Each structure stands twice: as C-alpha cells, then as structure tokens.
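Residues per chain are reported as follows:
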Amino acid sequence: MVRLSAGTVDMAAAVIGSVRSLLAAVVVLAMGGCAVGPDFQRPAAPSVASVAGSALPAATADADVAGGQAQHFDSGADIPAQWWALFHSAELNALVEQALAHNPDLKAAQAALAVARENTLAGRGAYAPSVSVGMSASREQDPPGALAPVPSNNAFLYNLFTPQVSVSYVPDVFGRNRRTVESLKAQQQAVRFQMLATRITLSTNVVAAAVQQASLRAQIATTRESIATGTRMVELLRYQLDQGYAGRLDLAAQESQLAQWQAALPPLLTALDQQNHLLAVLAGRLPGEAPAQAFDLANLHLPRQLPVSLPSALVAQRPDVRQAEANMHAASAQIGVAIADRLPNISLTANAGSNALAISQLFKSGTGFWSLGVDLAAPIFEGGSLRHQERAAKAAYVEAAEQYRGTVLTAFQNVADTLAALQHDAEGLQAAAKAADAARLTLELSQRQYKDGYASYLSLLGAEQADQQAHIALVQAQASRYVDTAALFQAMGGGWWHDADTASTHATATRDSDEK
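Residue numbers run consecutively from 1 along every chain, following the written order of its sequence. Where totals are concerned, whole chains, interfaces and linings use all residues; where local detail is concerned, this predicted model gives features only for residues with pLDDT of at least 70, and gives and counts side-chain atom pairs only at 80 or more. To obtain the side-chain values, all non-hydrogen atoms of the structure were used and water was disregarded.

**Examining the overall build of the chain**
Test applied: The way it works is that DSSP assigns letters per residue, a run of H or I at least four long becomes a helix, a run of E at least two long becomes a strand, and they are numbered from the N terminus. Note on classification: 1.4 Å probe, protein chains only; a residue is buried when its accessible area is under 20% of the maximum for its type, exposed when over 50%, partly exposed between these limits. By definition, residues are in contact when any of their heavy atoms lie within 4.5 Å. Each accessible area is a Shrake-Rupley estimate made with a 1.4 Å probe; only the visible protein chains count as cover when residues are assessed.
Per the secondary structure count, the chain includes ten helices and six strands. Taking all 516 residues of the chain together, the buried fraction comes to 41%. Expressed as a percentage of contacts within the chain between residues at least 6 apart in sequence, the contacts between residues at least 24 apart total 83%. Just so you have it, the chain exposes about 26,400 Å², and 56% of that area is on carbon and sulfur atoms.

This is the structure:
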C-alpha cells in the first residue's frame with residue numbers, strides 16, 4: 001500500500017488546481033474565439049444542359065463485324081467500379097487486377113495519401129495543451145565566502161532534485177489552428193483524388209494497351225499472310241518467266257509488292273514488343289516478365305450502353321476536378337492563417353513541482369512550487385512581411401480558383417471529344433467494314449479473271465494490296481472503338497465511388513475530418 005504524505009497531497013492539489021485554472025481560461029478563450037478568413041464555398045457546376053459538345057444520337061452506327069455493335073448513350077447512368085469487366089474478358093480482368101495490386105506508381109500515390117493523412121492528424125495536436133514532465137538533479141557547491149548558503153541548513157555543498165510538470169497552451173482565439181488543420185484536410189483530399197486519378201488512368205492504360213496488342217497481333221497476322229502469298233507468287237512468276245509465260249514487268253511488280261509487305265512487318269513487330277513491355281511494366285513487372293495474356297479483338301465484347309453523366313455529376317466524379325477543388329479549399333484556408341498571423345497571440349503556461357536536497361524529501365510539505373502565466377504578444381513591425389504574406393495567400397487562392405476553372409473546362413472538353421470520337425469511330429468502322437467487304441470481293445473477282453485470262457497480273461496485285469490495306473484499316477477501326485470506349489469511362493470518373501477500397505479510403509478521410 002502506498003501512503004501519501006501531506007506534502008504530496010498538497011503538491012497534487014496544487015498541480016490539479018493549476019491545470020483546472022488553465023483549462024478554465026482555455027474554455028473561455030475558445031468560446032469567444034472565431035476563425036478569421038473566408039469560409040470556403042464549393043464552386044457551382046457549369047450551367048449547361050449536357051456534357052456533350054452537340055446533341056447525341058440515340059445510338060451509334062453499327063457494322064456486322066466484331067466490335068461493330070451499335071452503342072446507346074444513357075444520360076445520367078451510373079458507372080460501375082470495375083467498368084473494364086464490361087468487355088467480358090477474363091484475361092483482361094486479371095491483368096487489370098494485377099496492375100492495381102502491383103503497379104509502383106499507384107503504390108507511391110497510396111503512400112503519399114498516407115503521408116498527407118498523418119500530417120493532418122499531426123496538425124490537430126495544436127488543439128490540445130502541451131504537457132511535459134521533467135526531472136533535474138544537480139550537485140552544487142557555493143564558495144565559503146558566500147553571504148548566505150542556499151540550503152536552510154547553511155550547507156555550502158549539497159544536492160538539488162527538482163521534478164516538475166509543465167503545461168502550456170496557445171488558445172486558438174482567431175482560428176489560426178483551425179484554418180491550418182482545414183488546409184491540411186483539403187491537401188489530404190487533393191492527394192486522395194490524385195491517387196484516384198492514378199488508379200483510373202492505370203486501369204484505362206491497361207485496357208488500351210491490351211486492345212493495341214490485339215490490334216497489332218491481327219495486323220501482323222495479315223501482313224505475314226500477305227508476305228507468304230507474295231512469296232509464292234514471286235516463285236510462280238519466276239518459273240513462268242523462265243518458261244516464257246510471264247513478263248519481266250509482272251515479276252518486278254510482284255517483287256516490289258512483296259518488299260513493301262516485308263518492310264511493313266518489322267515496325268509492327270517492334271510496336272507489339274513495346275506493347276508487351278508496357279503491359280508488363282503497368283502490372284509492376286520487368287519488361288522481360290511480360291504477362292502471358294495474348295488478346296484478340298474477336299474475344300472482346302463492346303459495351304453497348306454508354307453512361308453520359310450530368311454536368312453536376314461530372315464535376316463531383318472527376319478526380320482531377322475534385323483535386324483542383326481541394327487545392328482551392330486549401331488556398332482559401334491559408335488566407336485565414338495569414339490573417340491570424342497579423343493578430344495578437346496568447347500563450348498560457350502552468351508549472352508545478354518540488355525542490356528537495358534528497359530524493360526521499362521530494363513532495364514533502366514545504367518543498368512544492370507552482371506558477372501560472374499568461375503571455376500576450378502582438379506583431380508591431382515586421383518590415384511588411386506579414387502584410388505581403390496575406391496578399392500572397394489571396395493571390396494563391398485566385399490562382400487555385402483559375403486552375404479549378406481550367407480543369408473543369410478541360411474535363412468537359414475531354415468528355416465532349418470522347419463522345420464525338422465514339423460516334424465517328426462507329427461511322428469509321430462501318431465504312432471500314434464495307435471497304436473490307438468490297439476489297440475482298442474485288443480480290444476474288446480479280447483472281448478468277450486472272451485465272452481465266454481476262455485480267456492482267458498487275459490488276460491482281462492491285463486487288464491484293466487493296467485487300468490487305470482494307471483489312472488492316474478494319475482492325476485499326478475496331479481497336480479505336482474499344483480504346484475510345486475505355487476512354488469514356490475514364491472521362492466520366494471511372495466509377496471510383498463504387499469501389500470497396502476507395503470507398504473505405506473515403507470513409508476514413510470523412511471520419512478524420514469530423515474528429516476533433
């Protein structure tokens with residue numbers, strides 16, 4: 001059992017009384033305080049009826065080829081979090097999930113969010129008093145000729161032990177701390193939306209890279225088929241030239257055509273290798289560890305329903321717009337910080353402790369001490385620095401506001417461009433499909449006519465070249481529809497608000513902002 005001496009009780013009472021007095025003063029000052037500077041108001045959405053640059057048709061054009069289905073624009077429709085699943089490709093889903101789990105850029109953005117969150121929590125420490133405990137021990141000797149030794153027993157050589165508790169607090173009378181934390185919260189939200197933008201861009205880049213890989217594989221297959229056919233034709237023409245059945249002009253024309261096809265293959269192979277390397281890096285791997293997935297345009301499903309967000313929803317969904325808004329909020333709070341720096345500053349302090357010549361005498365009656373203090377400091381002359389810092393904060397807010405406006409304009413332009421591209425992609429694919437059908441029919445007729453002796457070999461070469469070019473154009477048109485469809489989901493915000501991971505991040509950030 002621990003027994004407290006009368007001195008210990010007196011000391012504890014002194015400490016408690018000091019703290020109570022300090023807290024009472026804090027409450028009075030806090031109740032009378034206000035946060036200087038402007039209160040942030042969220043900007044209103046642009047007053048337009050649609051995010052599209054022009055009226056949208058009920059549906060896009062269609063074509064009877066893979067990726068040629070008509071797409072319908074659904075105004076106000078929501079966007080799923082895993083929008084890439086709408087392409088109905090298990091391989092694509094797996095690759096996107098790998099990228100979201102292992103991509104270093106996304107991991108760095110998530111770490112940056114953790115940094116911003118901890119900085120916000122650290123900033124809230126200014127709301128509470130600062131309490132510290134100290135203990136000093138010293139051995140001292142006064143000179144023999146001293147007029148009066150310090151200890152009451154007139155000893156010139158003695159030990160001195162001084163434990164004490166110190167409490168200090170700076171009341172947030174003018175709201176400097178509140179505005180600082182408000183700015184930190186807004187900065188945390190800006191970093192959060194930057195992370196979300198990184199996540200959405202990553203998933204879109206994976207889908208686009210997979211589609212481009214499929215497109216290049218199809219183009220390479222077509223080019224190799226053309227090279228094989230051309231090689232056989234060159235061998236046949238050389239034999240016919242030796243036998244006198246063909247002219248040198250026909251052979252030269254076929255050799256020239258074959259050389260063109262052969263020259264077209266290496267750039268396609270280079271592009272395919274680069275896409276494979278890109279897919280590996282996006283998934284957080286080295287280029288030599290490219291994923292095993294080999295994509296085919298015929299195995300991808302084109303989403304038929306395309307969500308078109310309302311203007312008010314777009315500015316609430318786009319991470320880049322929300323990031324710009326958060327930056328604007330942080331700049332607004334910094335104006336209050338700059339104003340508060342020009343106003344008086346109050347500091348409250350309390351100390352309580354004990355002085356004794358021996359540790360066993362600590363906290364006995366007559367050894368205790370305590371003190372309360374209030375300091376008031378106001379800037380009088382700072383060479384104009386505080387005034388200019390306030391002006392700089394206001395100018396920074398104007399800068400952030402204009403950047404927000406520019407981000408909104410760019411977002412609407414991005415959406416309008418993508419919607420227009422989707423319409424023209426459908427028209428282009430429809431035309432490319434017709435051109436491919438016509439080129440195939442022309443080649444078949446030319447082959448028959450050449451076989452029957454009604455057409456020259458040069459006309460047959462022209463038909464072959466047109467057929468190859470038409471097929472490659474068709475593949476490129478198919479890829480454009482898939483890529484621009486993915487770009488639309490990105491432009492509309494990517495559905496991050498339905499994702500479990502980002503939703504938990506949002507809940508954490510919201511909870512932190514409500515805690516005091």
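**Section: the packing of helix α4 (residues 176-243) against helix α9 (residues 457-491)**
A packed helix pair is summarised by two numbers, namely the angle formed by the two axes and the spacing between the axes. Heads up, the rule is: The angle between two axes is taken between their N-to-C directions and runs from 0 to 180 degrees, where each axis is a line fitted to C-alpha atoms and a helix contributes only its stretch in contact. Oblique is the label for any angle not covered by the other classes, which are roughly parallel (under 35 degrees), roughly antiparallel (over 145) and roughly perpendicular (65 to 115). Classes in brief: Ala, Val, Leu, Ile, Met, Phe, Trp, Tyr, Cys and Pro nonpolar; Asp, Glu, Lys and Arg charged; the others, Gly included, polar.
Closest axis-to-axis distance for the α4/α9 pair is 9 Å, and the angle between their directions is 175°. In terms of their interaxial angle, α4 and α9 are classed as roughly antiparallel. Of the residues contributing to the contact of α4 with α9, the split by class is 15 nonpolar, 13 polar and one charged.

**A closer look at empty space enclosed by the protein**
We count it as follows: Both cavities and pockets are sets of points on a 1 Å grid over the protein atoms alone; in a cavity a 1.4 Å probe fits but cannot get out, in a pocket the set is open with protein on both sides within 12 Å along at least five of seven lines, and lining residues sit with an atom within 4 Å of a point. Grid points are joined across faces, edges and corners, and a volume is the space filled by probe spheres set on the points.
Taken as a whole and assessed by the stated rule, the structure comprises two cavities of 30 Å³ or more. Of the pockets and cavities examined, the largest cavity occupies roughly 90 Å³. In terms of lining residues, the largest cavity is bounded by Ala81, Trp83, Trp84, Leu100, Arg199, Ile200, Ser203, Gly494, Gly495, Trp496 and Asp499. Examining the composition of the lining of the largest cavity, we find that three residues originate from one element, α4, more than from any other. Residue classes in the lining of the largest cavity are distributed as six nonpolar, three polar and two charged.

**Some thoughts on the side chain of glutamine 478**
Counting through the fold element by element, glutamine 478 comes out in helix α9. For glutamine 478, a relative accessible area of 9% translates into the label buried. Excluding its chain neighbours within four sequence positions, the residues that come into contact with glutamine 478 are Val65, Ala66, Leu297 and Leu429.

**So, the nonpolar core**
For clarity, the cut-off: Within this scheme, the nonpolar core is defined by two criteria: the residues are buried Ala, Val, Leu, Ile, Met, Phe, Trp, Tyr or Cys, and they are joined through side-chain atoms within 4.5 Å.
Counting residues in each nonpolar core, the largest one holds 64 residues, and the members touching the most others are Val51, Trp83, Val207, Val211, Leu419 and Met492. Residues in contact with leucine 419, not counting those within four places in the same chain, are Val51, Ala52, Leu56, Phe73, Val308 and Leu488. By size, the runner-up hydrophobic cluster in this structure holds 19 residues, among which are Ile227, Ala253, Leu272 and Leu460.

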